Amino acid sequence: MKLLLMGPPGAGKGSQSERLVKDFELTSISTGQMFRESHRNEEPLGIEAMRYIERGELVADDITNEIVRKRLLKEDAERCFILDGYPRTVSQAKALDDMLAKMRSKLTAVINITVDKKAILERMVGRRVCKQCGLSYHLAFKPTRQDGICDVCGGTLYQRPDDQLESVRNRLEIYESKTQPLLAYYKGRGILREVDGMQSFDAVYQAICAVLKELT
Ligand SMILES: [Zn+2]
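Residue numbering note: each chain is counted from 1, following its sequence as written. Only residues with pLDDT of at least 70 are given local features in this predicted model, and only at 80 or more are side-chain atom pairs given and counted; all residues enter the totals for whole chains, interfaces and linings.

1. With respect to the packing of helix H1 (residues 13–24) against helix H8 (residues 201–215)
Heads up, the rule is: Note on method: axes are straight lines fitted to C-alpha atoms, helices fitted across the in-contact stretch only, with angles between N-to-C directions ranging 0 to 180 degrees. Under the scheme used here, helices are H or I runs from DSSP no shorter than 4 residues and strands are E runs no shorter than 2 residues, and both carry numbers assigned from the N terminus. Relative orientations are named as follows: roughly parallel for angles under 35 degrees, roughly antiparallel for angles over 145 degrees, roughly perpendicular for angles from 65 to 115 degrees, and oblique for any other angle. Definitions for this section: a left-handed crossing has its near helix turned counterclockwise from the far helix by less than a right angle. A right-handed crossing has that turn clockwise. By the convention adopted here, residues are in contact when the distance between their C-beta atoms, placed from the backbone, does not exceed 7 Å. Side-chain classes follow a simple rule in which Ala, Val, Leu, Ile, Met, Phe, Trp, Tyr, Cys and Pro form the nonpolar group, Asp, Glu, Lys and Arg form the charged group, and the remainder, Gly included, forms the polar group.
At a closest axis distance of 11 Å, the pairing of H1 and H8 adopts a crossing angle of 55°. Classified by the interaxial angle, the pair formed by H1 and H8 is oblique. Two packed elements cross with a definite hand, and for H1 against H8 that hand is right-handed. Contacts between H1 and H8 involve Ser 15, Gln 16, Arg 19 and Leu 20 from the first element and Phe 201, Val 204, Tyr 205 and Ile 208 from the second. In terms of residue class, the contact of H1 with H8 is made up of five nonpolar, two polar and one charged.

2. Regarding the packing of helix H4 (residues 61–72) against helix H5 (residues 90–102)
In a packed pair of helices, the relevant descriptors are the angle between the two axes and the axis-to-axis distance. Interhelical geometry of H4 versus H5 gives an angle of 25° and a closest axis separation of 10 Å. Relative to H5, H4 is oriented roughly parallel. Between H4 and H5 the crossing geometry is right-handed. Between H4 and H5, the contacting residues are Asp 61, Thr 64, Asn 65, Val 68, Arg 69 and Leu 72 on the first element and Ser 91, Gln 92, Ala 95, Leu 96 and Met 99 on the second. Split by residue class, the contact of H4 with H5 holds five nonpolar, four polar and two charged.

3. Focus on the sheet that holds strand E5 (residues 127–130)
Formally: Two strands are said to pair when DSSP picks up at least two bridges between them.
Read across the open sheet, the three strands follow the order E6-E5-E7; overall the sheet is antiparallel. Looking along the sheet, the strands with just one partner apiece sit at the ends: strand E6 (136–138) and strand E7 (157–158). Relative to E7, E5 runs antiparallel, the two being bridged by two bridges. Counted as the bridge partner of Cys 130 is Leu 157 from E7.

4. Some thoughts on the pairing of strand E3 (residues 81–84)
Worth spelling out the cut-off: Residue burial is a threshold on neighbouring C-beta atoms within 10 Å of the residue's own C-beta, all placed from the backbone, with 20 or more meaning buried, 12 or fewer meaning exposed, and counts in between meaning partly exposed.
Going residue by residue along E3, you find Phe 81 and Leu 83 tucked away on one face and Ile 82 and Asp 84 tucked away on the opposite face as well. One ladder, built from four bridges, connects strand E1 (residues 2–6) with E3; its direction is parallel. Within E3, the residue paired with Leu 5 across the bridge is Asp 84.

5. Topic: the confidence of the model for the protein
Keep this limit in mind: Values of pLDDT, ranging from 0 to 100, describe the predictor's confidence in every residue of the model.
Residue-level pLDDT values for the protein average 91, and 100% of them are 70 or greater. When the elements of the protein are averaged for pLDDT, helix H6 (residues 117–125) gives the smallest value, 82, and E7 the largest, 96.

6. Some details on the sheet that holds E3
On the basis of which strands lie adjacent, the open sheet formed by five strands has the order E2-E3-E1-E4-E8 and parallel pairing. Strand pairing shows two members of the sheet lacking a second neighbour, strand E2 (27–30) and strand E8 (192–196), which therefore form its edges. Neighbouring strand axes in the sheet, compared pairwise and without regard to direction, differ in orientation by 25° on average. Running over the sheet, helix H7 (residues 165–188) touches E1, strand E4 (109–114) and E8 and is turned about 125° from E8.

7. Overview of H7
Filter applied, for reference: To estimate the expected span of a helix, subtract one from its residue number and multiply by 1.5 Å. Throughout, bend refers to the angle between the axes fitted to the seven residues that end at a position and the seven residues that start at it.
For H7, which comprises 24 residues, the first-to-last C-alpha distance of 34 Å matches the rise-based estimate of 34 Å (1.5 Å per residue) to within 8%. A maximum bend of about 45° is found in H7 at Glu 176. Buried within H7 are the following residues: Val 168, Arg 171, Tyr 175, Thr 179, Leu 182 and Tyr 186. The inward-facing, buried residues of H7 abut E1, H5, E4, H6 and E8. Two residues or fewer after H7 comes Gly 190, characterised by a positive phi angle close to 75°.

8. Looking at the pairing of E1
A large share of E1 lies buried, amounting to five of its five residues. Judged by which residues are buried, E1 turns out to be covered on both faces: Lys 2, Leu 4 and Met 6 on one side and Leu 3 and Leu 5 on the other are all buried. By the bridge criterion, four bridges tie E1 to E4 in an arrangement that is parallel. Across the sheet, Leu 4 pairs through a bridge with Val 110, a residue of E4.

9. Things to note about H5
Rules: Working note: the arc is built from the helix axis to C-beta atom directions.
For H5, spanning 13 residues, the distance from its first C-alpha to its last is 18 Å, which sits close to the expected 18 Å at 1.5 Å a residue. What H5 keeps buried is the set Gln 92, Ala 93, Ala 95 and Leu 96. The buried residues of H5 occupy one face: seen down the axis, they fall within an arc of 160°. Exposed residues lying more than 90 degrees from the buried face of H5 are Asp 98, Ala 101 and Lys 102. Tucked into the core, H5 has its buried residues touching H4 and H7. The positive-phi residue at the C-terminal boundary of H5 is Arg 104, with phi of around 55°.

Have a look at this one:
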């Protein structure tokens, strides 16, 4: 099972993906996480990527494709994976298709989580991430047991610069202009499925599982 979750920033892709990874033993491939990790390790690629991210811009295609290509070559990505945050442009989608074709593989399905814009702004501004393990929470929708402290590792939560209002607006605009054409691309290939993201976290998750059942 090789999956791609799509949806505007704030559609809950990260949290849904975390749960899918646990329940289906998928390998999570999150470009955002890889960039941040690379940045923490002070690698040039991560430092450059973070400059784009903090401005709310898309990381350049060549940087992004390269980090994904390296990740797909690792053994744990051979059988099952779920992509998060990639591809974001049609050009990245084509690069991904080429990478997978070279490995004699392809995407099983692309699941698009649909939500409305106002709801997204509310969601994003409430998001908090664990500094230590990278898990994401939400002040309203997925609160921690103890304020500001990660349930899993006890790390401190923070608000990512790209979750601040100005940056969110910018990301939404980019999504509409660059990422939305991707939906047409995958629809044309017959692997696009839609899930209503305006339901509760659990209902969205069940809807995704129903799609997966249908496919396997
Ligand atoms: Zn944590």
